[in-house]
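One-letter residues, chain by chain:
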Amino acid sequence: MSISLHYGQRRVYECDCDPSQLQAQLALPHPTADFGADLKTAFEQPLDFPPLSQCVVPGDKVVLAVDHHTPRAAEIVDAVCEILIASGIEPGDVTILQPASTGNGLLIDPRSQLVDSIQAQIEWEIHDPADENQNAYVATTAGGQRIYLSRNLVEADFVLSIGQITFDPVMGYRGTNSVFYPGLSSADAFGRAQGQGHSELGPDEERPFRQLVDEVAWLLGTQVSVQVIAAGRGEVLTVLSGANESVLRRGISLLGDHWRLQVDERAEVVVAAVSADAGGHSWEQFGTAVANARRLVTRGGRIVILSELSAEPGDGMQLIRGSDEPRDAIQPLCDLSPPDLIPALQLADALDWAEVHLLSHVRDSIVSELHMQPLASESAVDAIVAEAGSCIFLDGAQHAYGNVRS
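Residues numbered from 1 in each chain as written. Predicted model: local features only at pLDDT ≥ 70, side-chain atom pairs only at ≥ 80, totals over all residues. Heavy atoms only, no water.

1. Overview of the nonpolar core
Then step 1. In this structure, Phe286, Ile320 and Met372 are the most contacted members of the largest nonpolar core, which totals 56 residues.
Then step 2. Taken domain by domain, this core gets at least three of its residues from each of domain 1 (2-28 + 262-404) and domain 2 (50-222).
Then step 3. Formed by 30 residues, the second largest nonpolar core is a distinct cluster that contains Val66, Cys81, Val226 and Val239. (Core = buried A, V, L, I, M, F, W, Y, C linked by side-chain atoms within 4.5 Å. Buried < 20%, exposed > 50% of the residue type's maximum accessible area, 1.4 Å probe, protein only. Domains from an automatic or database assignment.)

Below is the structure:
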């Protein structure tokens, strides 16, 4: 069987796999053929909520809270602003608000699709959680936690979240309300959010942090969202708009249909491809891919990550790099909670279970010091696949969730 996996910016790995070897394969879903038409339909027929044009009145201060992982975000922002302006909202009364990026690239201006005259009037702000002047008190949660959010959010008349519904190691599912907290909150909120991941839990199991995120949005008073399901490589499968709960529920169903892989048995080799997407091409995407492969590979098996990763390892990865054994870094990681805590824990866990081989632009010496095996070329991947008794292939591995059935 012919296998194609997309990785990096535009790279495609192709190989032939004997059907007796192939245990499972997750391919990229087909993106929407007409994104503009999908946007129009989503806004005209929202889920359990009035159309966006009926949600605002002239004079309203509007904030668009945009998750920086959102594919084709600028086109969504353009479509939303067109509706807002047609509804009597002045461009100067619209603010686009984003959390700071945790990846290795610069944030792309979400106003880039707007006409110049409109773009110049709409403010684009990157939230700084460490700047106390940017935050305002919202309320206290049922658990007694005082919540602070961006002052722009608190003072707005109408807030719309724009993002991507996807699997998340901390919340189970990211999307809708997750853009607000902790990304648009205080530095203390970031500290509390660190270490909330539970690798032993599936995405559908109860996650207290996701419940907190939804409570924060309820306290803020926001009810409506625009979300996409990714198709990989920066493309979109579909667009959803409407009431937060309805959008999230529909998004989770679509993820299960297109991005979830469940198998009966683990494979000796799992090949996972990581492509550049709206969130960049960083250790964050790498961590999600390696965690997926870890759940699907046999103990002592081999995980192969295909990427064009070039970013320097963060503080968490450096702890692994300085440890004699990957498992030795786990407790220091939990104690120190560096910004890249989650991907570092995901790598340490994978290395404690299987061999990890990495095709990337990271220097071979660094890859080796991270206890991984550097791969020089795709032919080295071919050799690993040829020797395997069983294989699983994951395309768009940072968007997927793979596991073995109980």
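2. Things to note about the pattern of salt bridges
Then step 1. One pass over the structure, following the stated rule, counts 17 salt bridges.
Then step 2. Close ionic contact of Arg174 with Asp168 constitutes a salt bridge, the shortest N to O distance being 3.5 Å. Side by side, Arg174 and Asp168 carry an identical accessibility label, which is buried.
Then step 3. Linking Arg210 and Asp214 is a salt bridge whose minimum nitrogen-to-oxygen distance equals 3.0 Å. (Salt bridge = Lys/Arg side-chain N within 4 Å of Asp/Glu carboxyl O.)

3. Focus on the packing of helix H8 (residues 283-296) against helix H11 (residues 341-351)
Then step 1. Between H8 and H11, whose axes approach to 8 Å, the crossing angle comes to 35 degrees. In this structure, the crossing between H8 and H11 has a hand that is left-handed. Residues Trp283, Glu284, Phe286, Gly287, Thr288, Val290, Ala291 and Arg294 of H8 touch H11, and the partners they reach there are Pro343, Gln346, Leu347, Asp349 and Ala350.
Then step 2. Residue composition of the contact of H8 with H11, grouped by class: seven nonpolar, three polar and three charged. (Axes fitted to C-alpha atoms, helices over the stretch in contact; angles between N-to-C directions. Helix = DSSP H or I, 4+ residues; strand = E, 2+ residues; numbered from the N terminus. Left-handed = near helix turned anticlockwise from the far one by under 90°. Contact = heavy atoms within 4.5 Å. Nonpolar A, V, L, I, M, F, W, Y, C, P; charged D, E, K, R; others polar.)

4. Description of the domain arrangement of the chain
Then step 1. Here the chain is described as being made up of domain 1 (2-28 + 262-404) and domain 2 (50-222).
Then step 2. Put simply, the middle of domain 1 and the middle of domain 2, counted by C-alpha atoms, are 30 Å apart.
Then step 3. Between domain 1 and domain 2, the contact holds 15 residues from the first and 19 residues from the second.
Then step 4. Counting each side, the surface lost to burial between domain 1 and domain 2 is near 1,300 Å², with a carbon and sulfur contribution of 52%.
Then step 5. Linking domain 1 with domain 2 are zero salt bridges, by the criterion used here.
Then step 6. On the surface where domain 1 and domain 2 come into contact, there are one residue pair in polar contact (both at pLDDT 80 or more). (Buried area = accessible area lost by both parts, 1.4 Å probe. Polar contact = N/O pair within 3.5 Å; in protein donor to acceptor, adjacent residues only side chain to side chain.)

5. Focus: unusual backbone geometry
Then step 1. Of the consecutive residues Tyr181 and Pro182, the connecting peptide bond is found in the cis state with omega at 5 degrees.
Then step 2. Here Pro182 shows up in the loop between strand E11 (172-174) and helix H5 (187-193).
Then step 3. The backbone of Asp48 sits at a positive phi, close to 55 degrees, despite the residue not being glycine.
Then step 4. Here Asp48 lies in the loop between helix H1 (35-44) and strand E4 (62-66).

6. Notes on the sheet that holds strand E3 (residues 22-26)
Then step 1. Ordered in space as E3-E19-E15-E16-E17-E18, the six strands form an open sheet in which the pairing is parallel. The open sheet has two edge strands, E3 and strand E18 (373-375), and neither has a second partner. Averaged over neighbouring strand pairs, the angle between their axes works out to 15 degrees when direction is ignored.
Then step 2. Where strand E15 (residues 267-273) lies against strand E19 (residues 391-394), four bridges are found, and the strand directions are parallel. From the neighbouring strand, Val271 faces E19, where its bridge partner is Phe393.
Then step 3. Of the strands in this sheet, E15, strand E16 (297-306), strand E17 (355-359) and E19 touch H8, which is tilted by about 150 degrees from E16. (Pairing = 2+ DSSP bridges.)

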